[in-house]
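# Commentary on secondary and tertiary structure
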Amino acid sequence: MSPQTSRPAPLRRTDFKAFLTIPTRWMDVDIYGHVNNVQYLSFFDTAVNSWYVENGLLDPVKSSEIFLVVETGCHYFAEITFPDTVTAGLRIERLGSSSVVFRVGLFTGEALETAAHGRFVHVLVDRPTRRPLPISEQKREVLESLTA
């Protein structure tokens, strides 16, 4: 068994390059009165894919190349509740030949520190075959605008 690593600390808004506002929904809340943990990954997915679409990297219906999630993880620091508005911050921690490692931070209201943050790893693939593809220079230039 490997030794336990130290718990990460919340990140700050200044640690991120782009932001998307996402309203919470009544259905996001669980029996404990806070947004259920599975919804945090949905916020990650919404933020990253919205950024792709807004920046011309993805047409969800027509693109011949798509990004698929291969890894996720999340650290929680404060509860998110309904009707909070979540601001998702994005930055890219690593840009590989076919993969992109995002750090996504979730903020509530005007909070300066993340209520949660995590990793969201995508691989660019050919839509029909689902085989990895190299990220083109054109896509790479856009993605580099989010590098840490």
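In the block above lies the structure referred to throughout.
Here's what I pulled together on the structure shown here.

About the thresholds
- Residues numbered from 1 in each chain as written.
- Predicted model: local features only at pLDDT ≥ 70, side-chain atom pairs only at ≥ 80, totals over all residues.
- Heavy atoms only, no water.
- Helix = DSSP H or I, 4+ residues; strand = E, 2+ residues; numbered from the N terminus.
- Contact = heavy atoms within 4.5 Å.
- Core = buried A, V, L, I, M, F, W, Y, C linked by side-chain atoms within 4.5 Å.
- Buried < 20%, exposed > 50% of the residue type's maximum accessible area, 1.4 Å probe, protein only.
- Expected span 1.5 Å × (residues − 1).

### Quick notes on the side chain of serine 99
Relative to the assigned elements, serine 99 resides in strand S4 (residues 99-108). Once residues within four sequence positions are removed from consideration, serine 99 is found in contact with Arg94, His122, Val123 and Ile135.

### Quick look at the nonpolar core
One finds Tyr52, Phe102, Val104 and Leu106 to be the most contacted residues of the largest nonpolar core, which totals 34 residues. Breaking this core down by element, the ones donating at least two residues are strand S1 (18-23), helix H1 (37-54), strand S2 (65-76), strand S3 (85-95), S4 and strand S5 (116-126). With 7 residues, the single largest contributor to this core is H1. Discounting chain neighbours no more than four positions away, the residues touching tyrosine 52 are Leu57, Leu58, Phe67, Val100, Phe102, His122 and Leu143.

### Observations regarding the environment of phenylalanine 43
Position of phenylalanine 43 relative to the elements: it lies in helix H1. For phenylalanine 43, a relative accessible area of 4% gives the class buried. When the C-alpha atoms of phenylalanine 43 and glycine 105 are compared, they prove to be 9.6 Å apart, with 62 residues separating the residues in sequence. Residues contacting phenylalanine 43, with those up to four places away along its chain left out, are Ile22, Thr24, Asp28, Val35, Val86 and Leu106.

### Focus on H1
The end-to-end C-alpha distance of H1, which contains 18 residues, comes to 26 Å, matching closely the 26 Å that a straight helix rising 1.5 Å per residue would cover. What H1 keeps buried is the set Gln39, Tyr40, Phe43, Phe44, Ala47, Val48, Trp51 and Tyr52.

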